[in-house]
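# What the coordinates show
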Amino acid sequence: MFSKSCEYGLRAVLFIAQQRDKDTKVSMTTISEEINSPQAFTAKILQKLTRTDIVKAVKGPYGGFTIEPEMMDTKLSEIVTILDGDSIYKGCALGLKQCDANSPCPLHFKFIEIRDNLQEMLETTSIKSVVNDLSLESIILKR
């Protein structure tokens with residue numbers, strides 16, 4: 001349902017947030033390795049997230065990426081919107097360009113409920129709640 005950049009972006013934010021509890025800044029290389037994403041691709045994603053202040057980039061020998069305390073309340077929906085826009089809440093389950101109540105695809109009416117539930121979950125779930133709900137050892141961000 002999410003684009004690859006959105007998947008990696010969500011993973012990166014959650015990994016950085018997890019490390020924030022340890023009061024450390026995380027390097028691009030470490031993030032890329034921990035979320036199993038190509039480094040150049042991860043850099044572009046983090047650049048977007050930095051421009052929108054979701055994550056903070058600190059330059060220098062002790063630099064890296066971190067999340068400011070007030071950004072821990074950011075809802076996952078904000079990250080999805082930054083990286084993918086709102087098409088996930090409007091798109092067709094089968095990827096058809098024309099799919100609505102007047103000319104539905106075979107899955108249209110069943111998929112509406114799934115989209116609505118996904119949107120509600122993303123809009124009510126913060127970065128902090130995801131990190132706090134799981135023990136740090138149980139968060140899996142790569143396979």
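All of the points below concern the structure found in this document. (Residues numbered from 1 in each chain as written. Predicted model: local features only at pLDDT ≥ 70, side-chain atom pairs only at ≥ 80, totals over all residues. Heavy atoms only, no water.)

This next bit is on helix α1 (residues 4-20). In this model, α1 (17 residues) spans 24 Å end to end at C-alpha, consistent with the 24 Å of a helix rising 1.5 Å per residue. The buried count for α1 comes to 13 of 17 residues, which makes it a mostly enclosed element. (Helix = DSSP H or I, 4+ residues; strand = E, 2+ residues; numbered from the N terminus. Expected span 1.5 Å × (residues − 1). Buried < 20%, exposed > 50% of the residue type's maximum accessible area, 1.4 Å probe, protein only.)

Moving on: a nonpolar patch on the surface. A contiguous nonpolar surface patch, about 260 Å² in accessible area, is contributed by L94, L96 and L107. As for its placement among the helices and strands, L94 is situated in the loop between α4 (76-84) and α5 (108-124). (Patch = residues over 30% accessible without salt bridge, like charges linked within 9 Å, V, L, I, M, F, W, Y side chains within 5 Å. Areas by Shrake-Rupley, 256 points an atom, 1.4 Å probe, with all protein chains shown as cover. Salt bridge = Lys/Arg side-chain N within 4 Å of Asp/Glu carboxyl O.)

This part covers the nonpolar core. Counting 33 residues, the largest nonpolar core has I31, L46, L49, V55, I79 and I127 as the members making the most contacts within it. Listed by contribution, the elements that provide at least two residues to this core are α1, α2 (28-35), α3 (39-51), α4, α5 and α6 (127-133). Ranked by the residues each element gives to this core, the list is headed by α1, at nine residues. When neighbours within four sequence positions are excluded, I31 is seen to be in contact with A12, F15, I16, V26, T42, L46 and F65. (Core = buried A, V, L, I, M, F, W, Y, C linked by side-chain atoms within 4.5 Å. Contact = heavy atoms within 4.5 Å.)

Turning our eyes to something else, we now look at the packing of α1 against α2. Put simply, α1 and α2 touch, their axes get as near as 10 Å, and they point 115° apart. Note that α1 runs across α2; the crossing there is right-handed. Residues Y8, R11, A12, F15 and I16 of α1 pack against T30, I31, E34 and I35 of α2. Looking at side-chain class alone, the contact of α1 with α2 contains six nonpolar, one polar and two charged residues. (Axes fitted to C-alpha atoms, helices over the stretch in contact; angles between N-to-C directions. Left-handed = near helix turned anticlockwise from the far one by under 90°. Nonpolar A, V, L, I, M, F, W, Y, C, P; charged D, E, K, R; others polar.)

Along its 13 residues, α3 runs 18 Å from first to last C-alpha, staying within 8% of the 18 Å computed at 1.5 Å per residue. Among the residues of α3, T42, I45, L46 and L49 are the ones counted as buried. All buried residues of α3 fall inside an arc of 95° around its axis, so they share one side. In α3, the exposed positions that point more than 90 degrees away from the buried face belong to A40, K44 and R51. (Arc of directions from axis to C-beta.)

Bringing the pattern of salt bridges into the picture now. Any two side chains of opposite charge can pair if their charged atoms end up close together. In the structure shown here, the tally under the stated rule is four salt bridges. Across the pair E68 and K56 runs a salt bridge, and its minimum N-O distance is 3.4 Å. Of the two residues, E68 sits in the loop between β2 (64-66) and α4 while K56 sits in strand β1 (residues 56-58), which places them twelve residues apart along the sequence. Taking relative accessible area as the criterion, E68 reaches 25% and is therefore assigned partly exposed. You can call K56 partly exposed: its relative accessible area is 40%. A salt bridge links D73 to K128, with the nearest nitrogen and oxygen atoms 3.0 Å apart. In this pair, D73 sits in the loop between β2 and α4 while K128 sits in helix α6, placing the two residues 55 residues apart along the sequence. Judged by relative accessible area, D73 falls into the partly exposed class, the value being 43%. A relative accessible area of 31% places K128 in the partly exposed class.

So, to be careful, I would describe these as geometric facts and stop short of saying anything about function.
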